[in-house]
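Summary of the model geometry
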Amino acid sequence: MSPDAAVRRAAHRVVLGAFEGPDVPAWLPGLVEDGLGGICLYGNNLTADPADALTLAREVSALSPALTLALDEEGGDVTRLHYATGSPYPGNAVLGRYDDTATTDAVAAAIGATLKSAGIWLNLAPDADINSNPRNPVIGTRSFGDTPDLVARHTAAWVGGLQEQGVAACVKHFPGHGDTEADSHLALPRVDADLETLRARELVPFVAAIEAGAATIMTSHIVLPALDADRPATLSHAILTGLLRDELGFDGVIVTDALDMAGASATIGIPAAAVASLAAGADLLCIGPSLRGRGPDDVRDVVAAIVAAVASGDLSAARLHDAAARVDALAASYGTDVVPADPAVVDRGLTLGGTAAAAVLDEIGTFRPGTPLVVRLETGANMAVGGAAWGDLGIDATTLVPGADGGLDVAEVASYDGPVIVVARSAAADDRAWTWLRSLVEQRPDTLVVELGWPSPEVMTLPRVVRGWGASATVSRVVGTAIASALAESTGEER
């Protein structure tokens, strides 16, 4: 192979592309033949049936064992396989609060076994961010907790459980997205902590992940002035090479968070961000969900920019070939044949996950007599979570209102004769919804507020709050069962 051809093939190998819709596009086999590094599946690829997602994954994985097939299956709020119904597994916040690493290992193993049965061998999980800022708009219940040691031990357990099933973990978002109040999908967040704080807090879970043998680590689109005042981590040589490679000794694949996110490419564009990230030390470039209808052009633009950067000397050929070799090594280790899921592994994860979700739930208390009115309070969702199903408590109620953001009359709800239950995800995140809820609670202090997001300080000032620590199908089912039980046992006394 000529040097030019080798560069072009290597440029393909470092790209994690995407396509639209639930079918394999006609153009994909050609890019795979050219050496495409991988495909990431997103919500726009999936139907309401998880079986369809598994079928699609098997069709993609059959194109080449060297093709990385990835998705975000964190459990809890962030799910792709169960996008329409909600994940059957609790997310990190439940697992961290339950604090049994064997359960965390079992949940990750069950997810891994399911993925491996479809040929998916790179899972963009777990989230190792420490949610030290309770108002974080993008991490929240995706985090195991708000302390370094807790997050570290559960990150290691999740990595172990997943990789035991032959699926590579991708620990994110290095060097830590927990102490932010901006969403890097939409802006460029900053973490202004000093270096001592970063080493004692943000970096601890990533060190644990490296020690646990994590195959890959994902970058964050965040500026951390203590490490690099000018560039977000994804584009920073000081952070990716100086800190992650040289100081922490990580020798696996560095995967970027999606480069279509504003934190990475809003000012320079995706191709330029791809080149800058490679030069900084990244190996596999995630270019996002291809929502612009451009098909293979997203990949080709990035490949062309990489080839041009090598030709001009802006990117060394050695750095490119090193990145491609790391991707090849990852495929050689994990890109094996489809392995049927062991039902015992899946059942154990489901059972232990359900036990954890029930154990961390707050006491429900008693209700006044009558059939409840359940109001679902919509406060939106970040792009990582998307439109995944959430909040169906499955209890008999007078009505379920899906959009109570001020359009529902507070006085009418407050005058309802039976119990009033408001289910929300980050109830204080939307000003209109929060104003509505506070007004309702002032008039009906016995209102039960079911908080399925990370409970902010404002929410915890309300008189009656039950925290679910996530909005997965498992959590909703457990909360609904507990409420139904409390309703059945109600003495009729108001609380």
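Within each chain, residue numbers correspond to sequence positions counted from 1 in written order. In view of the model being predicted, local features appear only for residues whose pLDDT reaches at least 70, and side-chain atom pairs are presented and counted only at 80 or more, with totals across whole chains, interfaces and linings using the full set of residues. The side-chain values count all of the structure's non-hydrogen atoms but skip hydrogen atoms and water molecules.

With respect to the overall build of the chain
Short version of the rule: Starting at the N terminus, helices and strands are each numbered in turn, a helix being any DSSP run of H or I of at least four residues and a strand any DSSP run of E of at least two. The globule rule used for comparison is 2.2 Å times the number of residues to the exponent 0.38, while the radius of gyration itself is calculated over C-alpha atoms. Under the scheme applied here, a residue whose accessible area is under 20% of the maximum for its type counts as buried, over 50% as exposed, and between as partly exposed, the area being computed with a 1.4 Å probe on protein chains only. Here, two residues are considered to be in contact whenever any of their heavy atoms come within 4.5 Å of each other. Computed with the Shrake-Rupley method and a 1.4 Å probe, the accessible areas treat only the protein chains shown as cover for residues. The convention is simple: Lys and Arg are positive, Asp and Glu are negative, and His and the chain ends are not counted. Here the site of a charge means NZ on Lys, CZ on Arg, CG on Asp, or CD on Glu.
Across its full length, the chain carries 17 helices and 13 strands. Computed over the C-alpha atoms, the radius of gyration of the chain is 23 Å, within 12% of the 23 Å expected from 2.2 N^0.38 for a compact globule of 495 residues. Expressed along its principal axes, the backbone C-alpha trace of the chain runs to roughly 80 × 45 × 40 Å. Residue burial in the chain is summarised as follows: out of 495 residues, 59% are buried. The contacts in the chain between residues at least 6 apart in sequence include a share of 78% that link residues at least 24 apart. Of the roughly 17,700 Å² that the chain leaves accessible, carbon and sulfur atoms contribute 51%. Taking the average location of the 32 positive side-chain charges in the chain and that of its 63 negative ones, the two points are 1 Å from each other.

Here's the deal with the side chain of D129
Keep this limit in mind: Basic side-chain nitrogens of Lys or Arg form a salt bridge, by our definition, when they fall within 4 Å of a carboxyl oxygen of Asp or Glu.
On the secondary structure map, D129 appears in the loop between β4 (122-123) and α6 (148-163). Buried within the structure, D129 lacks any salt-bridge partner; its nearest side chain of opposite charge belongs to R142, at an N-O separation of 6.3 Å. Excluding anything up to four places from it in sequence, D129 contacts I139, S143, G145, V151, K172, H173, G176, H177, G178 and F206.

Topic: the nonpolar core
Defined as follows: Residues grouped as a nonpolar core are buried Ala, Val, Leu, Ile, Met, Phe, Trp, Tyr and Cys residues, joined through side-chain atoms within 4.5 Å.
In this structure, V14, L285, I306 and L320 are the most contacted members of the largest nonpolar core, which totals 88 residues. With eight residues, helix α12 (residues 297-312) is the single largest residue contributor to this core. Ranked by size, the runner-up nonpolar core spans 26 residues in total, among them A356, L361, I421 and W454.

Observations regarding the pairing of strand β3 (residues 68-71)
Here is the rule we go by: Being paired, for any two strands, means DSSP has found at least two bridges between them. A clockwise course of the path from the first strand over the helix to the second, judged with the strands pointing away from the viewer, identifies a crossover as right-handed.
In β3, alternate side chains face the same way, and those of T68 and A70 on one face and L69 and L71 on the other are all buried. In this structure, strand β2 (residues 38-40) lies alongside β3, joined through three bridges in parallel fashion. Counted as the bridge partner of G38 is T68 from β3. Handedness of the crossover joining β2 and β3 through helix α3 (residues 50-61) is recorded here as right-handed.

Some thoughts on the pattern of salt bridges
Using the criterion set out here, one finds 22 salt bridges in the structure. One salt bridge in this structure joins D72 and K172, with 2.9 Å as the shortest N-O distance. Separated by 100 residues along the polypeptide, D72 in the loop between β3 and α4 (92-98) and K172 in strand β5 (residues 168-174) bring together distant segments of the chain. Looking at D72, the relative accessible area reads 11%, which means it is buried. By relative accessible area, K172 is classed as buried at 1%. Taken together, the salt bridges that share partners define one network made up of D72, E74, R80, D127, R142 and K172.

Thoughts on the sheet that holds strand β6 (residues 216-219)
For clarity, the cut-off: Geometry is summarised by axes, namely lines fitted to C-alpha atoms with helices restricted to the contacting stretch, and by angles between N-to-C directions that run from 0 to 180 degrees.
Pairing within the open sheet is parallel, and its eight strands lie in the order β7-β6-β5-β4-β3-β2-β1-β8. Each edge of the sheet is formed by a strand with only one pairing partner; in this case those strands are β7 (253-255) and β8 (285-286). For β4 and β5, the ladder comprises two bridges, and the chain directions are parallel. The residue bridging L122 from the neighbouring strand is A168, located in β5. Against the sheet, α12 makes contact with β1 (15-17) and β8, and its axis sits at roughly 170° relative to β1, the strand it touches most.

With respect to the packing of helix α11 (residues 270-280) against α12
Definition in use: Reported orientations rely on four angle classes, namely roughly parallel under 35 degrees, roughly antiparallel over 145, roughly perpendicular from 65 to 115, and oblique for the rest. By definition, any crossing whose near helix is turned counterclockwise from its far helix by less than a right angle is left-handed, and any crossing with a clockwise turn is right-handed. Three classes are used: nonpolar for Ala, Val, Leu, Ile, Met, Phe, Trp, Tyr, Cys and Pro, charged for Asp, Glu, Lys and Arg, and polar for all others, with Gly counted as polar.
Close contact between α11 and α12 brings their axes to 8 Å; oriented N to C, the two are set at 50°. One finds that α11 runs oblique with respect to α12. Considering how the two elements wind past one another, α11 and α12 form a crossing that is right-handed. Contact residues: I270, P271, A274, V275 and L278 in α11; D301, V302, A305, I306 and A309 in α12. In terms of residue class, the contact of α11 with α12 is built from nine nonpolar, no polar and one charged.

Looking at the packing of helix α1 (residues 3-13) against helix α13 (residues 317-334)
As a packed pair, α1 and α13 sit with axes 9 Å apart at the nearest point and diverge in direction by 55°. Classified by the angle their axes make, α1 and α13 are oblique. Pair α1 / α13 crosses with left-handed handedness. Contacts from A6, V7, A10, A11 and R13 of α1 reach α13 at L320, H321, A324, V327, D328 and A331. Residues belonging to the contact of α1 with α13 are distributed by class as follows: eight nonpolar, one polar and two charged.

Thoughts on the packing of aromatic side chains
In plain terms, the rule: Aromatic contacts are taken between Phe, Tyr and Trp rings whose centres are within 6.5 Å, Trp giving its six-membered ring; a plane angle under 30 degrees counts as stacked, one over 60 as edge-to-face, and the others as tilted.
Tallied over the entire structure, the rule returns two aromatic pairs. Ring centres 5.2 Å apart and planes at 90° place the aromatic pair F174 and F206 in the edge-to-face group. Within this pair, whereas F174 is found in strand β5, its partner F206 is found in helix α8 (residues 203-211), the two being separated by 32 residues in sequence. Judged by relative accessible area, F174 falls into the buried class, the value being 1%. With a relative accessible area of 0%, F206 lands in the buried category. Geometrically, the ring pair formed by W454 and W469 is edge-to-face, given 5.4 Å between the ring centres and 85° between the ring planes.

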